[in-house]
Each structure stands twice: as structure tokens, then as C-alpha cells.
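Observations on the three-dimensional arrangement
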Amino acid sequence: KKSFDDTKQHRLCEMSINMDTNNKQKARIALVGAGWWAQGWHLPHLKENPGAEIVAIVDSSRQPTSALNPNLESLDLLAERYNCKVYTSLDHMLNEFHETGDELNGIIVSAPHATHFELGRKILEFQHIPKVNILMEKPFTTCIQEARLLHGAVQKLGRDRAFMVNHSANFRKQAILAKSLVDSGALGSIRHVTAFMGSPLIWIFDNPKNAAWNEPSGSMLGNGFAWGQSSHILAFLYLVTGLQPSRVFCTMNHSEKTGADIAHAASIICECGATVSLSGTTLLPGDAHADPVVGKLIRVKIFGSKGALIYSGDDRKVESGSLQFRHEDGSVEEIAPGDGFKFENIDQEGNGPESLQAFIDACLGKEFFQGADSAIGLKTVQTIDAMYRSQKSMNAEPVIFGSKEEAL
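Residues numbered from 1 in each chain as written. Predicted model: local features only at pLDDT ≥ 70, side-chain atom pairs only at ≥ 80, totals over all residues. Heavy atoms only, no water.

**Considerations on the packing of helix α6 (residues 144-155) against helix α12 (residues 374-393)**
Look at α6 against α12: their axes get within 9 Å of each other, and the N-to-C directions meet at 170 degrees. As judged from the angle between their axes, α6 and α12 are roughly antiparallel. Contacts between α6 and α12 involve Ile144, Ala147, Arg148, His151, Val154 and Gln155 from the former and Ser374, Ala375, Leu378, Val381, Gln382 and Asp385 from the latter. Here the residues of the contact of α6 with α12 are counted per class, giving six nonpolar, four polar and two charged. (Axes fitted to C-alpha atoms, helices over the stretch in contact; angles between N-to-C directions. Helix = DSSP H or I, 4+ residues; strand = E, 2+ residues; numbered from the N terminus. Parallel < 35°, antiparallel > 145°, perpendicular 65-115°, else oblique. Contact = heavy atoms within 4.5 Å. Nonpolar A, V, L, I, M, F, W, Y, C, P; charged D, E, K, R; others polar.)

Structure, rendered in C-alpha cells:
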């Protein structure tokens, strides 16, 4: 029996998590959306990152507000803190950078979920800054038609531009190795997947003040745990397995206070015939952003015709699990022994998660690992869209704009 070993993927792992601190060149990055996640994570990370420089912050309000953090700073204070320009309009920012000729290497979109398409479209269609890279917060979009249109626009980008969705778990070393294991054929053909995600975030989805997380807007079919959390584990599954969803049946449980979906059970049939059993809930007791921290519970099992891949644990406890390959003879091989379990990277300290490191590398023209492109974003939206349609119709619903269907 040959054990799994892929030196190329190990090199990609190291590439995705290490910055060249001796290189004094900095990626000039703008941030669109100055809310809870931007002020708590993106901006501090960029400030601490030796490879990045914050050049602009955009928010539609000069005083951003969020029920998740009642102490958000104003644009004026952010301009002082991060020594950058601030704007209340993306159009204004783009036009000013074009007029002045100031360099802009990347834009991070960290605005409410339902705004992702319009903001992404504007950036992609702005021809006067042709090489700007984009890091889009999850989810890719919240509307299947918008996802297809945005994916189509991304496909027209040149090789010198990157578009990433910020599913940080996809950029972790374990995700890269899991993908490599599947790509190597060690598992044979994928036949069945089980996946569970439990998040201690009911305090978000049960609070009527968190409208952007809980209330559908625009063309959204629903809002809650599926968009806010399940998008992460779906993106992880599609990166590792490469499966294409075809048909979905789903039931959901909803908050009595907000109407947001807070739990679901879904069966996904893929185009190759593989099946996926997806379960998730935000009813896990505790708080992922309090002291003491309570981690998210992740259970992923991928079964192939030649073996199985097991990856389960608490994403705040590295020692809680590991990446395991189960061979046909029943023997168990630990992939990357000692690295433990790591899923999302939501540490507030330091210079940012692996996804941000990869984005900065892309902005600097360096080699990088693409953990979540627009194709993965599209699959994730396709699946969640079908989940919402299924829970309403109580029937299995076809995925819209599958690979065998005509695009918009």
C-alpha cells in the first residue's frame, strides 16, 4: 500500500501561509464596507500585514452601525486610525483613483450579503483600473441569477487578475491536502459525503436587530444560517471533491423571533450520481465570539470507491481532530501528522487568515493558492438557492444553471 505524499501540495500549503517579510513592496488595498467584520478583522489584519497598505475605506454611511458591535468607529476616525482616504460611494472611490492615477491593487468587499453582486459587478465593469483583484466576503451572492452573471463576468478576467471568495477554511493546509488526496485518485470515485456544521451563533440569528443576517432582501428566497454559515462548509466540500450539485431536497427550522433559518437537513444529488447528506444548525450552545470562546463543530466524511477521507473537530481546538485517510484494507493514515484540525480562521490577532495572505500575494503578482474562486461561489449559491426552494415546495428541486444547462 502506498501512503499519500504530494510534495507539490505541501509546497502550495507553505506558499499559502507564509509571507515574504523581506519584500518591501506592499499591495495597495481598498475596503468596501466598514461594518462589524471589517473593523474587527479585515482592517486590523491589513494594518499588521507587512505586505499590505490600506489606501481607502468605503461605506455608505459616515457612521457605520451594527447590532453585533455598537461601538463601530466613524469613517473620519477610521481615516485617522489607518491613515487612508474614506468615501461614501464606491463609484466616487473608483473614479478618483482613475483620475489621480494612484495605484490600486486589490479591493475587499465586506458589505451586507445582498449587496455583493452589485458591488462586485461595478468593480469588474470599471475599465479604468484594469488589474485590480477582488476578495469577496461570503457568500458569493444571495441570488442565483446574480451569481451566474457575476461568475460569467469573472470568467472574462485576464490571468493577471484574481477573484476570491473569503471562505477561509478553503485556504488552510488541511483543505489543500484533502483536495490533493481526492485529485490523486486515492479515494477512487466519490460516492457519498456526509457533512455537519454546528455554530454557536444563535444570538445573531435570533436577534431582530440583525436584519442583514436574518431578513430576506431584494431577490433573496430566505436568510439565516444557510447563507451565513452553511456557505462555508459547502464551499469546502466543493473545493475538496469537485462535485457538481444537480438536485436538492431540504427541510429547515426557523427562529420564532426573526424567521431566519437556524437549522436544516438536506440531501444533495450530484451530476455524477454521488449523494451528499448535509446537516447544520446554529443551536450549538455558547458563543464563538465571547470569552470563553466556543468553537464550531465540523464533521466531514467523504466516501469513495477505494477509500474514505475523514475530517472532524472543533475549529477552536486544534487538538480535537485531524485529517485521516482510510484505505481499502481498513488501515488509517493521518495526513500531515501533528497539524490537527483547522477549519475557519477567525483569529482577530495577527496579520490575517490564509485567505487574506493568498489575496495579498495575488495583488503583488506572486504565486498563490486559489481556494475559493467564482466557480465554487456559484456552486454554493446554486445549492443554497435550491435548499430554500425545496423547503418551501417540500419537493426535491433542481439546481438552476447546472453545468448541463444553458447559462444566462
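From this point on, the discussion continues.
**Let's talk about the sheet that holds strand β13 (residues 323-326)**
Across the sheet, which stays open at both edges, the nine strands sit in the order β14-β13-β12-β11-β7-β10-β9-β8-β15 with mixed pairing between neighbours. Strand pairing shows two members of the sheet lacking a second neighbour, β14 (332-335) and β15 (397-398), which therefore form its edges. Of the strand pairs in this sheet, β13 and β14 are connected by four bridges, and their pairing is antiparallel. Bridging from a neighbouring strand, Gln324 pairs with Glu334 of β14. Relative to strand β7 (residues 190-198), helix α10 (residues 225-241) is tilted by about 150 degrees, and along the sheet it contacts β7, β8 (245-254), β9 (261-270), β10 (275-281), β11 (297-304) and β12 (308-314). (Pairing = 2+ DSSP bridges.)

**Structural notes on the environment of Ala114**
Here Ala114 shows up in the loop between β4 (106-109) and α5 (116-125). Residue classification places Ala114 among the partly exposed positions, given a relative accessible area of 32%. Between the C-alpha atom of Ala114 and that of Ser219, which follows or precedes it by 105 residues, the distance is 8.6 Å. Apart from the residues lying within four places of it in its own chain, the contact partners of Ala114 are Thr142, Ser217 and Met220. (Buried < 20%, exposed > 50% of the residue type's maximum accessible area, 1.4 Å probe, protein only.)

**So, the packing of aromatic side chains**
A ring pair, where both rings are aromatic, is described by two values, the distance of the centres and the angle of the planes. Under the defined criterion, the tally for this structure stands at twelve aromatic pairs. Note on Phe171 and Phe369: the rings are 6.4 Å apart at their centroids and 85 degrees apart in plane angle, and the pair reads as edge-to-face. A residue pair is termed long-range when its members are at least 10 positions apart, and Phe171 in the loop between β6 (163-165) and α7 (173-183) and Phe369 in the loop between α11 (354-363) and α12 qualify at 198 residues. Take Phe171 and Phe369: they sit in the same class, and that class is buried. A ring pair is formed by Phe205 and Phe225, whose centres lie 6.4 Å apart and whose planes are at 70 degrees; its orientation type is edge-to-face. Separated by 20 residues along the polypeptide, Phe205 in helix α8 (residues 202-205) and Phe225 in helix α10 bring together distant segments of the chain. Ring-pair connections join several aromatic residues into one group, and the members of that group are Trp36, Trp37, Trp41, Phe205, Trp213 and Phe225. (Phe/Tyr/Trp six-rings, centres within 6.5 Å; stacked < 30°, edge-to-face > 60°.)

**Topic: the nonpolar core**
Membership of the largest hydrophobic core comes to 114 residues, with the highest contact counts inside it found for Ile57, Met93, Leu104, Ile107, Phe163, Phe236 and Leu309. Of the residues forming this core, the biggest block, ten residues, is contributed by α10. Those residues in contact with Leu309, other than ones at most four positions away along the chain, are Ala178, Leu181, Val182, Leu187, Val240, Val300, Lys301, Ile302, Leu323 and Gln324. Core analysis: the second largest hydrophobic core is formed by twelve residues, Trp36, Ile204, Ala288 and Ile346 among them. (Core = buried A, V, L, I, M, F, W, Y, C linked by side-chain atoms within 4.5 Å.)

**Examining the pairing of β4**
Within a regular strand, the side chains alternate between the two sheet faces. Of the two faces of β4, both are covered, the one formed by Gly106 and Ile108 as well as the one formed by Ile107 and Val109. In this sheet, β4 lies alongside strand β1 (residues 27-32) in parallel orientation, the contact comprising four bridges. If you follow Leu31 over to β4, its bridge partner there is Ile108. Strand direction decides the pairing type here: β4 and strand β5 (residues 133-136), joined by four bridges, are parallel. Along β5, the bridge assignment pairs Gly106 with Asn133.

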